[in-house]
Amino acid sequence: MAQLAFEYVSRSFGSTDALVGLNLAIESGEFFALIGSSGCGKSTALRIAAGLETPDHGEVVCDGEVITRVPTRKRGFGMVTQQNALVGARSARGNIALPLELERTHREEISVRVDDDAERLAISHLLDRRRDELSGGEVQAVQLTRAMIARPRVLLLDEPLARIDLDLRTKLRMDLARIQRDDGSTTLLVTADQEDAMVLADRIAVLHDGHLQQVGPPLQLHDRPVNVTVATFLGDPPMNIIPAHVVDDGGLRFYLIGGQRFPAHPPVAARFAGGRALVGIRPYDIRVERRVDDDAIAAHVEQSEFRGSSTVLTTTLDQMRDPLRGGPLCLRITCAGAGPRAGATVGLHLDGARFHLFDPYTGAALAHPL
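Residues numbered from 1 in each chain as written. Predicted model: local features only at pLDDT ≥ 70, side-chain atom pairs only at ≥ 80, totals over all residues. Heavy atoms only, no water.

**Q** Summarise the sheet that holds strand 20 (residues 356-358); cite the residues concerned and give the values.
**A** Strand order across the open sheet formed by six strands is 13-12-11-14-20-21, with antiparallel pairing between neighbours. Two strands bound the open sheet, and with one partner strand each, they are strand 13 (260-263) and strand 21 (365-367). Direction aside, the axes of adjacent strands within the sheet are offset by 40° on average. Relative to strand 12 (residues 252-257), strand 11 (residues 240-249) runs antiparallel, the two being bridged by five bridges. Within strand 12, the residue paired with Val247 across the bridge is Phe254. (Pairing = 2+ DSSP bridges. Helix = DSSP H or I, 4+ residues; strand = E, 2+ residues; numbered from the N terminus. Axes fitted to C-alpha atoms, helices over the stretch in contact; angles between N-to-C directions.)

Below, the structure written as structure tokens:
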């Protein structure tokens, strides 16, 4: 176990800033996830931690020691990527044994440790197979076992569960969480899949265009995002962002959305009265009715995705514009059971008590539900 820190790390490729002043500490024994959309800088951060990239500015520190220019092989880290990095001429057993062979571990000890670690990930039946005899998920299980067998100071995971079928992905996620918990290994996962991060990580950091947005436990980031960027990245479907007129009618202040009034947060209303604020609302905080009454906002169902116990609706409100992407406002909604079909017109009821408020100019959070 070790503490790993990025101290004001920056890295550019030509005119593109991959990382800008990343300042981040991962505690000893912590399972930490670095997430963001493609191109946000998360893989660059992982490669810098591994010693495969050198930052333009800043330092990487492990247990108080600057390791920025320490060669990769001397850092004592383990790494797994989504690529198949197994040695084709070796069996799964031979691949898993490689780190121990490089440490000149005694042959009998290697055999025992390979068997023990293979059993922990339930891949003992794969040990005699070669790379071309393994499925994508089985390759990842072997690579995880190989990375963990030497008990690395830090385990670096670069989207190791990507492109694996759902059942095996779920199993590997559970196994990884259990083994990390049992071993207490410091683990850094980078992924664009928020579900992997939310399930596995003790804390999450969100990157956007090379800039760190927010760090905290998964539930904190979900419930109290610091800005629109975080709010619209986390959640499946993510938070909806709606422009709201902030009305001051003789001291009575409210948000006006689609012709409906909602009580305003006093500090927000005082600051933006006569203008607009951005309202954020999670898909499950919108109630859908199959008819449009006087208290509802009319919407057109563009897509209906039945997911067994619930349905995700994609709806448009032609009379409102999307503040982030332009065009008609599109809302994603989660409703129980089989929802309305595509082509239907429905009435939407927004729960004003569940509104998140954001600055329309900076995107910074102004208020969250209690």
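After that view, the rundown keeps rolling.
**Q** Which residues make up the side chain of Arg282, and what values do they have?
**A** With respect to the helices and strands, Arg282 occurs in the loop between strand 14 (276-281) and strand 15 (286-289). No salt bridge is formed by the buried Arg282. Its closest oppositely charged neighbour is Asp223, at 6.1 Å. A polar contact is formed between the side chain of Arg282 and the backbone oxygen of Leu234, at a distance of 2.7 Å. With residues near it in sequence (within four places) discarded, Arg282 still touches His222, Ala231, Leu234, Gly235, Pro238, Met239 and Asn240. (Buried < 20%, exposed > 50% of the residue type's maximum accessible area, 1.4 Å probe, protein only. Lys, Arg positive; Asp, Glu negative; His and termini not counted. Salt bridge = Lys/Arg side-chain N within 4 Å of Asp/Glu carboxyl O. Polar contact = N/O pair within 3.5 Å; in protein donor to acceptor, adjacent residues only side chain to side chain. Contact = heavy atoms within 4.5 Å.)

**Q** Tell me what's going on with the pairing of strand 18 (residues 328-336), and back it up with residues and numbers.
**A** Of the two faces of strand 18, the one lined by Leu329, Leu331, Ile333 and Cys335 is fully buried and the one lined by Pro328, Cys330, Arg332, Thr334 and Ala336 carries no buried residue. One ladder, built from nine bridges, connects strand 17 (residues 310-321) with strand 18; its direction is antiparallel. Paired with Arg321 across the strands is Pro328, a residue of strand 18. From the end of strand 17 to the start of strand 18, which pair antiparallel, there are six residues, and Gly326 there has a positive phi angle of about 75°.

**Q** Hey, could you go over the nonpolar core for me, with residue numbers and the actual values?
**A** Ranked by internal contacts, the top residues of the largest apolar core, which has 42 residues, are Ile35, Ile123, Leu157 and Ile204. Within the residue set of this core, elements represented by two or more residues are strand 3 (31-35), helix 2 (92-102), helix 3 (107-120), helix 4 (136-149), strand 7 (154-158), helix 5 (166-183), helix 6 (194-200) and strand 9 (203-208). By residue number, the principal contributor to this core is helix 4, which donates seven residues. The residues contacting Leu157, other than those within four sequence positions of it, are Phe31, Leu46, Val80, Leu144, Leu176, Thr187, Leu188, Leu189 and Val190. Judged by nonpolar contacts, the second largest core, of 31 residues, contains Ala277, Met320, Phe355 and Leu357. (Core = buried A, V, L, I, M, F, W, Y, C linked by side-chain atoms within 4.5 Å.)

**Q** Tell me about the packing of helix 2 against helix 3, and name the residues and values.
**A** The geometry of helix 2 relative to helix 3 is characterised by a closest axis approach of 10 Å and an angle of 125° between their N-to-C directions. The angle between helix 2 and helix 3 places the two elements in the oblique class. Here helix 2 and helix 3 pass one another in a crossing that is right-handed. The segment helix 2 lies against helix 3, with Arg93, Ile96, Ala97, Leu100 and Glu101 engaging Ile110, Ser111, Arg113, Val114 and Asp115. Residue classes in the contact of helix 2 with helix 3 are distributed as five nonpolar, one polar and four charged. (Parallel < 35°, antiparallel > 145°, perpendicular 65-115°, else oblique. Left-handed = near helix turned anticlockwise from the far one by under 90°. Nonpolar A, V, L, I, M, F, W, Y, C, P; charged D, E, K, R; others polar.)

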